[in-house]
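Structure assessment
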Amino acid sequence: MHPFSYTKVSDLAGALAAGRRGGRYLAGGTMLVDLMRESVERPSVLVDISALPLGEITATAGGGLRIGALVRMAEAAAHPSVRAAFPVISQALESSASAQLRNMATIGGNIMQRTRCPYFRDVTAACNKREPGAGCAALGGFNRAHAILGASEHCAATHPSDVAVAFAALEANVHLLGPDGERSVALADFLLPPGGTPQREQAARPGELITAVEIPAHPRPLRSGYLKVRDRQSYEFALTSAAVALHLRDGVIHQAKVAAGGVGTVPWKLPAVERLLIGERPSQALWAEAAERAADGARPLEHNRFKIELLKRTVERQLRVVGDLAGGTA
Amino acid sequence: MSRRAVGAPLSRVDGRLKVTGQAKYAADHPADGVVHAVIVGSTVSRGRITAVDTRAASALSGVLKVISHRNAPRLAYHRNPSSNNPETGERLRVFQDDRVRFRGQPVAVVVATTPEAARHGASLVVVRYDAEQPSTDLAGAPASAPVTYARGDADLAVGSAAVRLEMTYRTARNHHNAMEPHATIARWDGGRLTVWDKTQWVVGTQRELAAVFGVELSAVRVISPFVGGAFGSGLRAWPHVTIAALAARMVGRPVKLVLTRGQLYSGTGYRPAYEYRLRLGSDRRGRLTAMVHDIRAETSSYEDFRENVLAAGQTLYSMPHVRQTYRTVPLDVNTPLYMRGPGHVTAAYVIESAVDELAHELGIDPIELRRRNEPAEDESNGMPFSTRRLRECYTVGAREFGWERRAPEPRSTRRGDWLIGMGMAAGAHGTVRNPAQARVVLDARGTALVEAATSDMGPGTYTSMTQIAADALGLAVRAVEFRLGDSGMPRTPAHGASQTTASVGSAVQDGCDKLRRQAIELAVGDRRSPLHGVDARHVTVSAGRLHVTADPARGETYQRLLARHGRARLETLGLFEPGESRFSTAAYGATFAEVAVDHRLGLVRVLRMLGVYDAGRIISPKLAESQALGGMVGGIGAALLERTITDHRDGMIVNADLASYLVPVNADVPDLRAIFLEGADPEADPIGVKGLGEVVHIGVAPAIANAVFHATGRRVRELPITAEALL
Amino acid sequence: MASEPPGSRVPLGAEPASLFSRRTFIATATAVTVGGVAVASDVVPEPSPQATGAPVSGRVSLVVNGEGRTATIDNRTSLLDLLRERFGLTGTKKGCDAGACGACTVLVDGRRVNACLTLAVRLEGAEVTTIEGLAPGGDDELHPLQQAFIEQDAFQCGYCTPGQIMSGIGCIQEGHTRSPGEIREWMSGNICRCGCYVNIVKAVEQAAGTT
Ligand SMILES: Cc1cc2nc3c(=O)[nH]c(=O)nc-3n(C[C@H](O)[C@H](O)[C@H](O)COP(=O)(O)OP(=O)(O)OC[C@H]3O[C@@H](n4cnc5c(N)ncnc54)[C@H](O)[C@@H]3O)c2cc1C
Ligand code: FES
Ligand code: FES
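Naming follows an unreviewed UniProt entry, where chain C appears as Xanthine dehydrogenase YagT iron-sulfur-binding subunit of Nonomuraea jiangxiensis. For the record of chain C, the UniProt heading Pathway (unreviewed entry) holds the text "Alkaloid degradation; nicotine degradation."

For chain A, the name recorded in an unreviewed UniProt entry is Xanthine dehydrogenase YagS FAD-binding subunit, with Nonomuraea jiangxiensis as its organism.

Next comes the structure, spelled out in structure tokens:
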């Protein structure tokens, strides 16, 4: 680990000032400290933001939720409003990492987390994210965990977060505070697919601070849930995952929000699946038909071809599970 | 009346130390003025080092020294045959030349006053290489000359068999991944070296250090009272042990060297990957006639590592014709080493899968098929079995597991999205015994100290030896203390191959028997003793008191006896020297598994498991059960999760961490149960034990694999069984 | 005992340019559009602590097992290394140093966390409880979970045990002990390579019933 100076800030202005000087924000530290130990990250100034007043979960007008960036994963998962309104968020969080890590890690840090690609994590391997232009060892290497969606010829690393998949499904917005003031960016625009600049992972400006993630209001009742498919039954990142939220009225699906994890370079929204569901009545055939579109546009690599089929089945399964909750499959 | 300690379900005698954090593992020992060393590993798999730039590292505050082949002294590296170094080949000589033989090979070490500075320094050492294309893939690489075995004419017999099967199985490389990383603290006092090390064999590490540094054995002391799991990885002294000692000598201070989790994947051994082709022939009733085994396994380019992968094919089932060819394939990787049930685990997976395939092919129940092929003697050498109660394991297991509920047809039980299946497999592990010694001291307070240079990586050596000693001395368990893990103690074999209880336990038994008899002789020959004149054979000791067996009121305590004689202590040296055996002795087990497989997602969940074992006498039932359950958990890992993955383009191990080399976590493990057949094997050794640590792991993966087949109707001939194989 | 890091500041040594490609930090300034706003994609070059003169070590005062402690530490020091290498509290174990095993689990302000990913310099005023703090008396009295671990034989080698016990205490406090299945899931952040999970679950169940 390279030496760094450490400052702890107590207010937003102080944080922004330190951020503007090039300081790196430190929230739970579960990702940053790990990557610093591997020399993947070498910040010279750490700005401890844990004392900032960003630890609240508040209801927004109309039934949405605003989750402060410093809310711990464990707190967010257990929060009664989150559990009641958006079980998909609680489930995604509780299937993430471990109880200990969730006690440390924050919501802001979670969506900011970097890929678990082994070639990214090993500084001796070629990685365009770490060192633009160096090449990508994963494309021709062991790429079982890599993306089948959204990759470019420069990078195929997945975004490893679970809760970001739930956020993507629910069309969450990321609230940012920077030197130029506040702004809000759709999560879908905030997390960037690699394209030609895999080193750019988020649309955050230098020194910008995430203050909250806001879940917009959704029609009620909204049934939702998260399914995470993995080799090990706990304490592992997703092979594939599906976040599903459905709103039914009179037995007809009026709103469908679906996103997938483990398969994309960013949390992968599935509009084609959603479109097929709207206006239809739940049925096994409908789930299968819609899920058939889940991997549209997928381009597999040597070791992750199976994810195409697995993704479809993951989505189909979770449509059925949530659909049954939402009013029953005929 | 005092109860016997052996066979009683005692809690661990070292439990309190372990639950309070007081048990000292290798890196926990305090050493005054200790400094920290971090190894720099090569980033290529094959080639030569052309430059080592240590300037940046050396300039760091706190860095004391950077050592590489450029400035390391030449070391003696005498041959050391009495170790677990492979017989063929030349061990890695650290910092002695510019050759790189595998990725991660130590090419430098940074010594600094703090762990932070040492680690930072290690990241600043720049090493340049003249790299060559490495060969790291077992598939297709040329093999060395085979080891072979044959009886009958197996090729002919398979060719003419009524039923023939031919399959190729593959097993992944597995790493031990004990929770404690390998670590060494080394300190020189003049020419004397003291090392606190994670090892399963303090004597082995002592020998290796003496050979490497060219010093007398007596100049090296190795201490290792607690081992945080090892499963075989501690059976050899790895290069980092030498590096710690070398660094300590060069900086003139004690050095602590802890391998990072990532460094364990190249700094210590592993269970090699295998390609195993099996052809078998049987008659229509399922009587095996022949098996032909073609086996290929990884080894390194500099050492030929071999393990006992042939025994199971020769002795597990009765058949007239067997041919085996075992080839190792030298690769640009580090040398493998024994991992729990070495060789047997792999062979059992293959043979027990194949037998299951045959049973399915013939429509015979897999247990029945195994019964039909149960040998009457050890067909590899014609010896009678001392005890072989595998049939009983089947009977008890089938009954307790509810085997009769298993539908014969695969893929016939479904619960919702889950396909349910049952499978079983047998396993055997030949009982290993080697010479051992133990010192027994009874003091004037009537308490005993027993010690031997063995170790306890988790099975409970401390507890079982205490139990054996307590019974043999006629003392309460709390009046006996057993110590281990110091090369200055009486010699024992390595703590592996399930030989500790048999070998060290027999030495402890012998020493305690001698001491008890010595005390009794002292008493019966002493006019002032109430036992004076009694025939020594009629004297018993219990609860620290010597008395007439038939008249417990007549006697006296050890304390009184010693006090009267003005003796501060009685001392004996227990010996165990196994003779030539006329019997074939092994521990046996049958493992049963029920699994659920998600029919769409390909996920396998173990629902329950049962192991039934014929392991001879069970000294510590409570601990034995834990060991058996642990063996099953390890087997769940091997069957479903574990594989070390190498990128063959450059030899990089891509999952050298615990987040991506998957071992089972709590959520993976359902209810597990172990049953031990009662009894002892008097031919095995003086205390009747046959060994346990290996056999509980050996049939586990095939039992799960067979259950997966039964659930899904799909036969996956590769471990681990992944989701993609079942989609 | 472990030695003090020299001085209160650890200056940076010269780092060879060959190793440190600053490309990671200094990207070319292209512009992309996000939500209609043009965003420069370059990152402000990070000044080295040496350049800014900012200290790379600091003082921290915290309470460990009820005892106040103050230390001058390198900012890079993890809580795990602080406990083990500076305070001599070696009961807390290092299994991976990367959050992936749970061996280092301790309680910080009452919550179970991974000490290996916790920078010690952040812990000003924090209360840390380690395995050594559970039965401090040295008398026979153990914490009920420690006692349960012994009775249920919930360990073999014992290396993961301090972490398991600290995690188990967290698990019980959090109320995640309503069924064996729930305990399994909520204890899955602690790997036991000896495979003692069945008995760990029993021990946590036992202690949950008594505490
Ligand atoms: C072994 C292991 C297993 C894991 N498994 C999973 C899993 O299954 N699923 C999953 O989703 N995650 C998993 N994780 C990842 C974990 O969830 C993340 O490490 C964590 O969420 C990061 O949050 P943090 O608060 O600790 O972030 P930090 O490490 O503090 O920061 C992460 C990044 O975010 C930046 N940052 C943090 N907060 C802000 C803010 N408010 N504004 C701007 N930038 C900010 C930091 O500068 C840094 O770049 C796992 C991690 C480990 C170590
Ligand atoms: S050492 Fe902290 S989680 Fe492994
Ligand atoms: S007891 Fe050995 S790792 Fe858990």
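The rest of the description comes next.
**Notes on the overall build of chain A**
A tally of helices and strands in chain A yields 13 helices and 12 strands. The C-alpha atoms of chain A give a radius of gyration of 19 Å, which matches the 20 Å a tight globule of 330 residues would have. Projected onto the principal axes, the alpha-carbon positions of chain A cover approximately 60 × 50 × 35 Å. Each of the 330 residues in chain A was classed as buried or not, and the buried ones make up 65%. For chain A, the accessible area works out to roughly 10,700 Å², and carbon and sulfur atoms hold 51% of it.

**So, the pattern of salt bridges**
All told, the structure shown has 84 salt bridges over all chains when counted by the stated rule. With its nearest N and O atoms 3.8 Å apart, the salt bridge here joins Glu38(A) to Arg119(B). Placement of Glu38(A) in the loop between α2 (32-37) and β3 (45-48) and of Arg119(B) in helix α3 (residues 115-124) is noted, with the two residues assigned to different chains. A salt bridge links Asp97(C) to Lys94(C), with the nearest nitrogen and oxygen atoms 3.5 Å apart. The residues Asp97(C) and Lys94(C) share a single accessibility class, namely buried. A network of salt bridges, in which partner residues are shared, links Arg37(A), Glu38(A), Arg119(B), Asp81(C), Lys94(C) and Asp97(C).

**Remarks on the interface of chain C and chain A**
Quoted interface sizes are often the accessible area lost when the parts come together. Between chain C and chain A, the residue contacts involve 50 residues of the former and 48 residues of the latter. Here chain C packs against chain A, burying approximately 4,300 Å² in sum over the two surfaces, 54% of which is carbon and sulfur. Considering only the surface of chain C that becomes buried against chain A, Arg76(C), Leu117(C) and Arg122(C) emerge as the three largest contributors, covering 17% of it. Across the chain C-chain A interface, the total number found is three salt bridges. Contributing elements (two or more residues each) for the side of chain C that touches chain A: β1 (31-34), β2 (37-40), β6 (111-114), α4 (161-174) and α5 (180-186) of chain C. When residues in the side of chain C that touches chain A are grouped by element, the largest group, four residues, is from β6(C).

**A few points about the side chain of His218(A)**
Tracing the backbone through its elements, the reader meets His218(A) in the loop between β8 (209-215) and β9 (223-229). Among the polar contacts listed, one links the side chain of His218(A) to the side chain of Gln255(A), at a separation of 2.9 Å.

**A short note on the site of ligand 1**
Residues and elements named next belong to chain A. For ligand 1, the set of nearby residues contains 34 residues, the closest of which are Tyr 25, Gly 29, Thr 30, Thr 106 and Asp 162. The side chain of Thr 30 places a nitrogen or oxygen atom 2.7 Å from an oxygen atom of ligand 1. In the model, an oxygen atom of ligand 1 is placed 2.8 Å from a nitrogen or oxygen of the Leu 32 main chain. Isolated, ligand 1 exposes 980 Å² of accessible area, and the fraction of that covered by the protein chains is 98%. Of the residues contributing to the shell around ligand 1, the split by class is 18 nonpolar, 10 polar and six charged.

**Quick notes on the interface of chain C and chain B**
Contact residues are listed per partner, giving 63 residues for chain C and 71 residues for chain B. Considering only the surface of chain C that becomes buried against chain B, Gln156(C), Arg193(C) and Tyr197(C) emerge as the three largest contributors, covering 16% of it. Taken together, chain C and chain B are joined by seven salt bridges. Along the contact surface separating chain C from chain B lie 25 residue pairs in polar contact (both at pLDDT 80 or more). Taken together, the elements giving at least two residues each to the side of chain C that touches chain B come down to α2 (79-86), α3 (144-152), α4, α5 and α6 (197-210) of chain C.

**Here we look at the packing of helix α15 (residues 621-640) of chain B against helix α17 (residues 700-712) of chain B**
All names here are of chain B. Running from amino to carboxyl end, α15 crosses α17 at an angle of 55°, the nearest separation of the two axes being 8 Å. As judged from the angle between their axes, α15 and α17 are oblique. The two elements α15 and α17 cross, and the hand of that crossing is right-handed. On the side of α15, the interface is formed by Gly 631, Met 632, Gly 635, Ile 636, Ala 639 and Leu 640, while α17 contributes Val 700, Ala 701 and Ile 704.

**A word on the domain arrangement of chain C**
Residues and elements named next belong to chain C. On domain assignment, one finds that chain C holds domain 1 (57-133) and domain 2 (135-211). Listed per partner, the contact involves 18 residues of domain 1 and 19 residues of domain 2. For the pair domain 1 and domain 2, the summed buried surface comes to about 1,300 Å²; carbon and sulfur atoms form 54% of the total. The tally of links between domain 1 and domain 2 comes to one salt bridge. Glu 174 serves as the salt-bridge partner of Arg 112, at 2.7 Å between the closest nitrogen and oxygen. Our count for the domain 1 to domain 2 interface comes out at seven residue pairs in polar contact (both at pLDDT 80 or more).

**Description of the sheet that holds strand β26 (residues 569-576) of chain B**
Residues and elements named next belong to chain B. Here four strands make up an open sheet; going across it, the order is β22-β21-β20-β26 and the pairing mixed. Looking at the sheet topology across the chains shown, the edges are occupied by β22 (480-483) and β26. Sheet twist, expressed as the average angle between the axes of neighbouring strands with direction ignored, equals 15°. Relative to β22, strand β21 (residues 448-451) runs parallel, the two sharing four bridges. The partner of Val 450 across the bridge, within β22, is Phe 482. Across the sheet, helix α12 (residues 461-473) lies against β20 (436-443), β21 and β22, angled at about 135° from β22, the strand it touches most.

**Concerning empty space enclosed by the protein**
Estimates place the volume of the second largest cavity at around 670 Å³. Considered class by class, the residues forming the lining of the second largest cavity number 17 nonpolar, 11 polar and nine charged.

**Describing the packing of aromatic side chains**
Scanning the model with the defined rule gives 11 aromatic pairs over all chains in all. Three or more aromatic residues joined by ring pairs form one cluster here, namely Tyr25(B), Phe226(B), Tyr462(B) and Tyr159(C). Over the face of the ring belonging to Phe401(B) we find Arg608(B), whose NZ or CZ atom lies 3.8 Å from the ring centre. One residue, Arg69(C), lies across the ring of Phe87(C), its end atom 4.6 Å from the ring centre.

**So, the packing of α4(C) against α6(C)**
Residue and element names in this part refer to chain C. The geometry of α4 relative to α6 is characterised by a closest axis approach of 10 Å and an angle of 45° between their N-to-C directions. Relative to α6, α4 is oriented oblique. Between α4 and α6 the crossing geometry is right-handed. Across the interface between the two elements, Gln 164, Gly 168 and Ile 172 of α4 pack against Ile 200, Val 204, Ala 207 and Ala 208 of α6. Partitioning the contact of α4 with α6 into residue classes produces five nonpolar, two polar and no charged.

**A closer look at helix α1 (residues 12-20) of chain A**
Residue and element names in this part refer to chain A. Listing the buried residues of α1 in full gives Ala 15, Leu 16, Ala 18 and Gly 19. Seen end-on, α1 carries its buried residues on one side only, within an arc spanning 165°. For α1, the exposed residues set more than 90 degrees away from the buried face come down to Ala 13 and Arg 20. Here the buried face of α1 lies against β2 (24-26), β3, β6 (173-178) and β8. Positive phi appears at Gly 22, one or two residues downstream of α1, with a value of about 100°.

Criteria and thresholds
Residues numbered from 1 in each chain as written. Chains lettered and ligands numbered in written order. Predicted model: local features only at pLDDT ≥ 70, side-chain atom pairs only at ≥ 80, totals over all residues. Heavy atoms only, no water. UniProt positions renumbered as here; feature names shortened; annotations may be inferred. Helix = DSSP H or I, 4+ residues; strand = E, 2+ residues; numbered from the N terminus. Rg over C-alpha atoms; globule rule 2.2 N^0.38 Å. Buried < 20%, exposed > 50% of the residue type's maximum accessible area, 1.4 Å probe, protein only. Areas by Shrake-Rupley, 256 points an atom, 1.4 Å probe, with all protein chains shown as cover. Salt bridge = Lys/Arg side-chain N within 4 Å of Asp/Glu carboxyl O. Contact = heavy atoms within 4.5 Å. Buried area = accessible area lost by both parts, 1.4 Å probe. Polar contact = N/O pair within 3.5 Å; in protein donor to acceptor, adjacent residues only side chain to side chain. Near = heavy atom within 4 Å. Nonpolar A, V, L, I, M, F, W, Y, C, P; charged D, E, K, R; others polar. Axes fitted to C-alpha atoms, helices over the stretch in contact; angles between N-to-C directions. Parallel < 35°, antiparallel > 145°, perpendicular 65-115°, else oblique. Left-handed = near helix turned anticlockwise from the far one by under 90°. Domains from an automatic or database assignment. Pairing = 2+ DSSP bridges. 1 Å grid on protein atoms, 1.4 Å probe; cavity = no way out; pocket = protein on both sides within 12 Å on 5 of 7 lines; lining within 4 Å. Points joined across faces, edges and corners; volume = space filled by probe spheres on them. Phe/Tyr/Trp six-rings, centres within 6.5 Å; stacked < 30°, edge-to-face > 60°. Lys NZ or Arg CZ within 6 Å of the ring centre and 35° of its normal. Arc of directions from axis to C-beta.

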